[in-house]
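Reading the structure
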Amino acid sequence: MPKRIVITGVTRGLGRAMTEEFVRLGHTVCGCGRGHKAIAQLRQAFSAPNVFEVVDVAADEQVKNWAGRLLESHGPPDLLLNNAALINKNAPLWTIGAEEFSDVIDVNIKGVANVIRHFVPAMIEQRRGIIVNFSSGWGRSTDAEVAPYCATKWAIEGLTQALAQELPDGMAAIPLNPGIINTEMLQSCFGHSASAYPSAEQWARKAVPFILQLSARDNGRPLTVQ
Ligand SMILES: NC(=O)c1ccc[n+]([C@@H]2O[C@H](COP(=O)([O-])OP(=O)(O)OC[C@H]3O[C@@H](n4cnc5c(N)ncnc54)[C@H](OP(=O)(O)O)[C@@H]3O)[C@@H](O)[C@H]2O)c1
């Protein structure tokens, strides 16, 4: 049965690779990102009913309008994947400026809340659908020089488990640690050693089947793509 899948942050990395794999398996992807050029390329590569829009998840009004259009054209999603995120440049917390700190919070926490605010009521009405919020190993442990990012991913674990307690039977909210994958984000924090890790495409071949089998039984369970 083809699923309707909303994914944030599809312009590169895990979001881009999941899009390709979900579409290959016959599912419909409704994706967003900020990069105009990459969104135009996605539109070329994946035709209707897949749809790609330029949306900044940190901007509540943009998310509201995007959700309104998608709910009208496609109906409530079966899977809502909050994947978009930023990482701070490696640095001790006390040297990170207020603006960079706010950007990480705005995208990684408020962006997820914005998406939930505008998509989840329609899912609740139907009492079905799975919400996957991308967490991290750094949502369950910490390291030096990534304090803002760690703070947001620990927040995602808490926010998601609280949401899980609010959802009706038949739905699930799941904090998901994707593992360690060689994307631009990993290159930013790991430098050259990022190349020792699997590519996003290799990861998607095991992550997509894993995500597709998630069910209401997984509500509130912190999971990791193995
Ligand atoms: N890679 C890893 O090893 C790893 C490990 C643990 C957790 N994760 C998590 O996995 C998810 C994906 O990470 P990744 O490695 O694929 O990162 P990435 O390569 O940096 O890609 C991030 C994606 O998010 C989008 N994005 C960023 N800010 C956005 C905004 N305000 N609005 C809409 N889209 C936005 C980016 O697109 P635009 O710039 O075009 O907006 C891009 O498509 C993240 O939640 C990350 O924290 C990754």
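For the structure, see preceding data.
Read on for an overview of the structure. (Residues numbered from 1 in each chain as written. Predicted model: local features only at pLDDT ≥ 70, side-chain atom pairs only at ≥ 80, totals over all residues. Heavy atoms only, no water.)

Our next topic: unusual backbone geometry. With an omega dihedral of 10°, the bond running from Ala48 to Pro49 counts as a cis peptide bond. The topology assignment puts Pro49 in the loop between helix H2 (36-45) and strand E3 (51-54). One non-glycine residue, Arg127, lies in positive phi territory at about 55°. Along the chain, Arg127 turns up in the loop between helix H4 (98-126) and strand E5 (129-134). Positioned with a positive phi, Glu145 is a non-glycine residue whose angle comes to about 75°. Along the chain, the position of Glu145 falls in the loop between E5 and helix H5 (147-166). (Helix = DSSP H or I, 4+ residues; strand = E, 2+ residues; numbered from the N terminus.)

The next point concerns the site of the ligand. Close to the ligand lie 30 residues, the nearest being Thr11, Arg34, Asn83, Tyr149 and Thr183. With respect to the ligand, the side chain of Thr11 contributes an N or O atom lying 2.7 Å from an oxygen atom. One nitrogen or oxygen atom from the main chain of Ile181 is found 2.8 Å from an oxygen atom belonging to the ligand. Judged by its atoms lying within 2 Å of the grid points, the ligand is housed in the largest pocket. Of all the secondary structure elements, the ones that give two or more residues to the shell around the ligand are helix H1 (13-24), H5 and helix H6 (184-190). No other element matches H6, which puts 3 residues into the shell around the ligand. (Near = heavy atom within 4 Å. Polar contact = N/O pair within 3.5 Å; in protein donor to acceptor, adjacent residues only side chain to side chain. 1 Å grid on protein atoms, 1.4 Å probe; cavity = no way out; pocket = protein on both sides within 12 Å on 5 of 7 lines; lining within 4 Å. Sits in = over half its atoms within 2 Å of the grid points.)

For strand E2 (residues 28-33) and E3, the ladder comprises 4 bridges, and the chain directions are parallel. Bridged to Cys30 within E3 is Val51. Regarding the hand of the β-α-β motif, the stretch spanning E2, H2 and E3 is right-handed. (Pairing = 2+ DSSP bridges. Right-handed = clockwise from strand over helix to strand, strands pointing away.)

Looking now at empty space enclosed by the protein. Scanning all chains against the criterion turns up 1 cavity of 30 Å³ or more. Looking at the largest cavity, its volume works out to about 40 Å³. Taken together, Arg4, Ile5, Val6, Cys30, Leu70, His74, Gly75 and Pro77 make up the full set of residues lining the largest cavity. Counting only elements with at least two residues in the lining of the largest cavity, the list comes to strand E1 (4-8) and helix H3 (60-74). At 3 residues, the largest contribution of residues to the lining of the largest cavity is made by E1. In the lining of the largest cavity, the residues fall into 5 nonpolar, 2 polar and 1 charged. (Points joined across faces, edges and corners; volume = space filled by probe spheres on them. Nonpolar A, V, L, I, M, F, W, Y, C, P; charged D, E, K, R; others polar.)

Structural measurements only, silent on function.
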